[in-house]
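# Residue-level structure breakdown
Here is how the chains run, residue by residue.
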Amino acid sequence: MHNTLREKLYRLLLPINVQTRNSAGYWLNFGLIGLIVASSLAILLEFRLDIAADATVFQCIDIAVALVFLLEYLARLYAARNRRAFVTEWISILDLVVVISSLTLIAMPFLQLEAWDGLRLIRLQRILSIFRFFRILRLFRYKEIMHLAWVRLRIYWASLLYTFRIPQLLGLFVAFGVVSFAGAWLLYWTECANSAVCQDAPVFDHFGDLGNAYWSTLIMLISGIEDKEPLSIVGRIEAVVILLIGMILIGQLTAQIVSTVLVRFERVGRIRMLPPSTRVFKDHILILGANEHLDNIIRQVWTAFAGRRYIVVVDPNAPNLNITDPKVYALVFALEGHPSDPLVLERAGISRAHRAIVLSDPTIEEPEQQDSRSLMIAVTAQLAGGFDATVDGSQEPPFYTSVQMNQVPGHVAKHVLSRTNFICGTHIAEQLIGQFVLNPQASDIYHHLTQITDETNEIYLTDVPQDLVGKSFQEAQLAFLHCDANDITLIGVVRTDEVDGALQPSILLGADANGTNDDTAPRPLRREDQLLVIAYSEATAHLESRHHGERQ
Amino acid sequence: MTHASLASRETLKAQIQRFLGPQTTGQEHVVFVHASPRLPRVIAEMDAERLTKNLLPFSYIVVLQPGYASQEQLPKGYLPMNHAQRLLCIPFDSAFAASHDILQAISGPGIRSVVILADPLRGQDADAHAIIAATAIEKFSTLQQKTTGAPDIHTVVELHSSANRIYLKSLHVDTVVCSGELTENLLAQDCFSPGITEVFDKLLHQTPGAWHFATHALRADGPHGHLLGHTYRQLTEAIIRTHNAPLILCGFTRKFPYEAHAPHLCHLTAKKRGVIHNDQQTDLVVNPGHMSRKAAERGFLLKRGYDKDTVLQDQDRLVFMTGDREAALQCLSQVRLDKIKGT
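Cut-offs used in this document
- Residues numbered from 1 in each chain as written.
- Chains lettered and ligands numbered in written order.
- Predicted model: local features only at pLDDT ≥ 70, side-chain atom pairs only at ≥ 80, totals over all residues.
- Helix = DSSP H or I, 4+ residues; strand = E, 2+ residues; numbered from the N terminus.
- Buried ≥ 20, exposed ≤ 12 C-beta atoms within 10 Å, placed from the backbone.
- Contact = placed C-beta atoms within 7 Å.
- Right-handed = clockwise from strand over helix to strand, strands pointing away.
- Pairing = 2+ DSSP bridges.
- Axes fitted to C-alpha atoms, helices over the stretch in contact; angles between N-to-C directions.
- Core = buried A, V, L, I, M, F, W, Y, C linked by C-beta atoms within 7 Å.
- Left-handed = near helix turned anticlockwise from the far one by under 90°.
- Nonpolar A, V, L, I, M, F, W, Y, C, P; charged D, E, K, R; others polar.
- Expected span 1.5 Å × (residues − 1).
- Arc of directions from axis to C-beta.
- pLDDT = per-residue confidence, 0-100.

### Structural notes on the overall build of chain A
Of the regular secondary structure elements, chain A holds 19 helices and eleven strands. Looking at the 552 residues of chain A, the share that counts as buried comes to 34%. At a minimum sequence separation of 6, the contacts of chain A that also span at least 24 residues come to 68%.

### Thoughts on the overall build of chain B
For chain B, the helix and strand inventory stands at twelve helices and ten strands. Within chain B, the fraction of its 343 residues that count as buried is 40%. Counting contacts in chain B only where the partners sit at least 6 residues apart, residues at least 24 apart contribute 71% of the total.

### Focus: the pairing of strand β3 (residues 311-315) of chain A
Residues and elements named next belong to chain A. Of all five residues making up β3, five are buried, and the element is well covered by its neighbours. Residues Ile311, Val313 and Asp315 line one face of β3 and the alternating positions Val312 and Val314 line the opposite face, and both faces are buried. Read as a crossover between parallel neighbours, the route from strand β2 (residues 285-288) over helix α12 (residues 294-304) to β3 is right-handed. Of the strand pairs in this sheet, β3 and strand β4 (residues 332-336) are connected by five bridges, and their pairing is parallel. What sits directly across from Val312, in β4, is Phe333.

### Details of unusual backbone geometry
With phi around 50°, A:Arg165 is a residue other than glycine that occupies positive phi space. The topology assignment puts A:Arg165 in the loop between α7 (143-163) and α8 (166-197). Take A:Arg165: there are 16 C-beta atoms within 10 Å of it, and that puts it in the partly exposed class. Backbone geometry at B:His34 places phi at a positive 80°, although glycine is not the residue there. Mapped onto the secondary structure, B:His34 falls in the loop between β1 (29-33) and α2 (39-52). B:His34 gets classed as buried once you count the C-beta atoms within 10 Å, which come to 27.

### Things to note about the sheet that holds strand β5 (residues 155-159) of chain B
Residue and element names in this part refer to chain B. One open sheet accounts for six strands, arranged β3-β2-β1-β4-β5-β6; its pairing is parallel. Every other strand in the sheet has two partners, leaving β3 (87-90) and β6 (175-178) as the edge strands with one partner each. Here the strands of the sheet are splayed against their neighbours by 15° on average, with no regard to which way each runs. Direction of pairing for β1 relative to strand β4 (residues 111-116): parallel, over a ladder of five bridges. Across the sheet, the residue bridging to Phe32 is Val115, located in β4. Here helix α5 (residues 126-148) sits on the sheet in contact with β1, β4 and β5, set at roughly 170° to β5. Along the sheet face, helix α7 (residues 179-192) touches β5 and β6 and points at about 65° away from the line of β6.

### Considering the nonpolar core
All names here are of chain A. Of all hydrophobic cores here, the largest spans 170 residues; its most connected members are Val312 and Val313. Broken down by element, this core gets its largest block of residues, seven residues, from helix α16 (residues 425-438). Val312 has contacts with Leu274, Phe281, His284, Leu286, Phe333, Leu335 and Ala348, leaving out every residue within four places of it along the chain. By size, the runner-up hydrophobic cluster in this structure holds nine residues, among which are Leu187, Ala213, Ala239 and Ile242.

### Examining the sheet that holds β2(A)
Strand order in the open sheet formed by seven strands is β1-β4-β3-β2-β5-β6-β7 (chain A), with parallel pairing between adjacent strands. What marks the edges here is a single partner per strand, and that holds for β1 (272-273) and β7 (420-423) of chain A.

### Quick word on the packing of α16(A) against α7(B)
Where α16(A) contacts α7(B), the axes come no closer than 8 Å and their chain directions differ by 115°. For α16(A) against α7(B), the interelement crossing comes out right-handed. Side by side, α16(A) and α7(B) meet where A:Gly425, A:Thr426, A:Ile428 and A:Ala429 of the first sit next to B:Ser179, B:Gly180, B:Leu182, B:Thr183 and B:Leu186 of the second. The class makeup of the residues in the contact of α16(A) with α7(B) is four nonpolar, five polar and no charged.

### Overview of helix α10 (residues 210-222) of chain A
In an α-helix, one turn spans 3.6 residues; hence positions three or four apart end up facing the same way. Residues and elements named next belong to chain A. Taking 1.5 Å of rise per residue, the 13 residues of α10 would be expected to cover 18 Å, and the 18 Å separating its terminal C-alpha atoms lies within 8% of that figure. Inspection of α10 places Ala213, Ser216, Thr217, Met220 and Leu221 among the buried residues, and these make up the whole buried set. End-on, the buried residues of α10 take up no more than an arc of 135°, which puts them together on one face. Note on α10: the residue one or two positions beyond its end, Gly224, has a positive phi of about 80°.

### Observations regarding the environment of B:His34
Counting along the chain gives 220 residues from B:His34 to B:Arg254, while the straight-line C-alpha distance between them is 35 Å. Here B:His34 is in contact with B:Gln65, B:Ile116, B:Leu117 and B:Asp119, once residues within four sequence places are set aside.

### Comments concerning the interface of chain B and chain A
Each partner contributes to the interface: chain B provides 69 residues, whereas chain A provides 65 residues. Sorting elements by how many residues they give to the side of chain B that touches chain A places α7(B) first, with 13 residues. Across the side of chain B that touches chain A, the residue classes tally to 30 nonpolar, 22 polar and 17 charged.

### Let's talk about the environment of A:Val268
Residues and elements named next belong to chain A. Relative to the helices and strands, Val268 resides in the loop between α11 (233-266) and β1. The class of Val268 is exposed, set by 7 C-beta atoms lying within 10 Å. Separated by 263 residues in sequence, Val268 and Leu5 place their C-alpha atoms 46 Å apart.

### Section: the confidence of the model for chain A
Taken as a whole, chain A shows an average pLDDT of 81; of its residues, 85% reach a score of 70 or greater. Residue range residues 545-552 of chain A is modelled with pLDDT below 50. Its contacts to residues more than four positions away, or to other chains, number 17 contacts.

### Looking at helix α17 (residues 442-450) of chain A
Summarising burial for α17(A): eight of the nine residues are buried, a large majority. Of all the residues in α17(A), the buried ones are A:Ala442, A:Ser443, A:Ile445, A:Tyr446, A:His447, A:His448, A:Leu449 and A:Thr450.

### Points about the confidence of the model for chain B
Residue and element names in this part refer to chain B. Overall, the predicted model of chain B reaches an average pLDDT of 77, with 80% of residues at or above 70. For chain B, per-element mean pLDDT is lowest for helix α10 (residues 265-272), which scores 48, and highest for helix α9 (residues 232-241), which scores 90. In this model, residues 273-277 is a region of pLDDT below 50 whose contacts with residues beyond four sequence positions or in other chains number twelve contacts. Here residues 295-303 scores under 50 on pLDDT; set against residues more than four positions off or in separate chains, the count is three contacts.

### Here's the deal with the environment of A:Gly510
Take A:Gly510: it is sitting in the loop between β10 (502-509) and β11 (530-535). Note on A:Gly510: 23 C-beta atoms within 10 Å, which makes it buried. For the pair A:Gly510 and A:Gln474, spaced 36 residues apart in sequence, the C-alpha separation works out to 9.6 Å. With residues near it in sequence (within four places) discarded, A:Gly510 still touches A:Ile491, A:Gly492, B:Trp211, B:Ile248, B:Met321 and B:Gly323.

Dropping the structure here:
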């Protein structure tokens, strides 16, 4: 499919998820959600308020909303890759019901319905009005983005509570309220009891009134300077106790506020600390350790995931980690603690993480020791993440781990740690130097492919699209060549075959991926294979898979 | 063969000339500046590649870092074993950067590349020394080009920190390899495409028949002249339709004069200083199409856009993946475009 209006519209109206890069689509989705919520509220208001005066306003809003929904439905129908499938989807049927009911209600005054008796007309109106309420169900179409927004809101709230120590402040305010209220009542009762004995003492009248007693107690608690004093001995003792409690409470409150302000000033330009309630964190990237590569890795991950994934950095020096770009670090949190401590990892939400990256410890001088420490952290991370190699059925850890190494690890480490990739930059650099001397022009290509930016391509692994299963590598290449919706170059296949009873993936590049020689037929692609593609973003690579799947 | 002590300059030059032999042998050599634990592995990679192509192995000259008069003084593992006949170590000379006589001696006609490795003994200062050495070599190369018309010396520089790339930009150093940057990029790439490092490892490891990236220039008067005037899509389709084609076309590069675009400050500064005299820049187009789409999406109407229907021109370089470069070039010269739609 070429880059037509239909294709552009399709991409614009795609439901947003964590991988989406299309910012226009992002805002359009948010706009439509806002419209659905606002119009649903408008319907509620219409019923709740006396709308005789504002009937025209509500009618105009309803017409506008119904027209937008109609346009949206038609645009989706036009852009759909499989229109028949689109029309029969339950969410599309709901869309249509909402649009038709709204438009029919609007058009009713202009329709010739004289033949209908009043009761039938009222019933029809009621049914259509009920259908109008169904528009709130349209939010199901946007459940992914709404979930995303909900998670982000919860994390933001948790961070706010933690940063401004709101629970502690609230606790102090509650204690203050309880003490002031209890103190006022106590003084009131004590003074009233004494005034019953000494009827001739007019001063008792001040604390004999509950409102005055409360006001004086507040002043005693906050400033201690109150010119009205209880006259009874017991009352005076109570006042002293209230004064002492006030000194403690106000001291604590002031200290909390001052320290929050000071910490805020101190932490300007530093990464936000992870709030204690981290259960909301899900599918985040964990970076275990911090060294000179941290900033660039955060930038690359931010670009790779279009800035839509949370990143948590676990390091003993976490409070001192600096922000270099507020935009890039908007979703980055730091957690103080050693990455080899399972409790710290648990706090960082290791079991719900999407990926973990282990960085070398810069405080260790020897490269071999750095590598050993990195391996230990990787093992701890997998164990803390719920992986137990000794139990059958949990052979695979829940997430992939990438470990920075100074030397290529031996087979033992690779065997023990499954779903773990060891990145040895110096080893690749050695190979690159050799390659660049022999093939000088290739340097730019490798530089281009190893960088993650919006302007460069990367190599991705993606599932075999449904309609290419059973096809040869050559046919798949042609399919990708002639599909201009997303530019993808197919360069190889990762095939998983059973070798000695165990599944072994093998990377086959170029013509090797045909799995053939001159005499045999090409080996067809299987569902469990993975394609190696050059694409400019992960979303593009996966979008193409989905596109092929939908065509099917 | 080693240079045991700081001999006189003339003796050193004579020794280098003796090592390199007469110019007619066709023996190629690579010069390494600084010995490093990485040096044996880099040499092994190069030897493996030469072996797979049945070519004569390179000879290697290693300019030792300051403070080391001979290879015996170097820490263990800094030089490859069993290369005595093909390896000459020369001590670093203060004249290396100041005067050009030693450089002239080592950059004979058979020079393939100068590889400046990061000096492991200098820690954080290694990049500064690598940059100084690169400056000296690039200046010498430019001077040679101007005075004798000798070809540019291909320079590869290894840096620790990517932040120092900027210092080499104006020098027009051919290739900068930054291990730190590679680590960062690969860690991030592995994060969303687990296992991708193995693909790079496979692409870069030199074994017979291993697939790797290569380029080839198209010339109107060359054996691939018949490909000019056709689109990238047509050529790709023709290659794919070839049974078990020994290459996969991935893109192309195209040269543009600098004057045609916005001023390239680094280039202009370098040119003004006489460090380079290259008036062209090159666009690398891998996986054509997305650049034009992204440019259009962002409203950059002036940005050059390439897609699959870009017509190949004279001087363009094809970017392809191959396991056998010679077979790939032969395939390109035999490829039939007349049966492809739109031709």
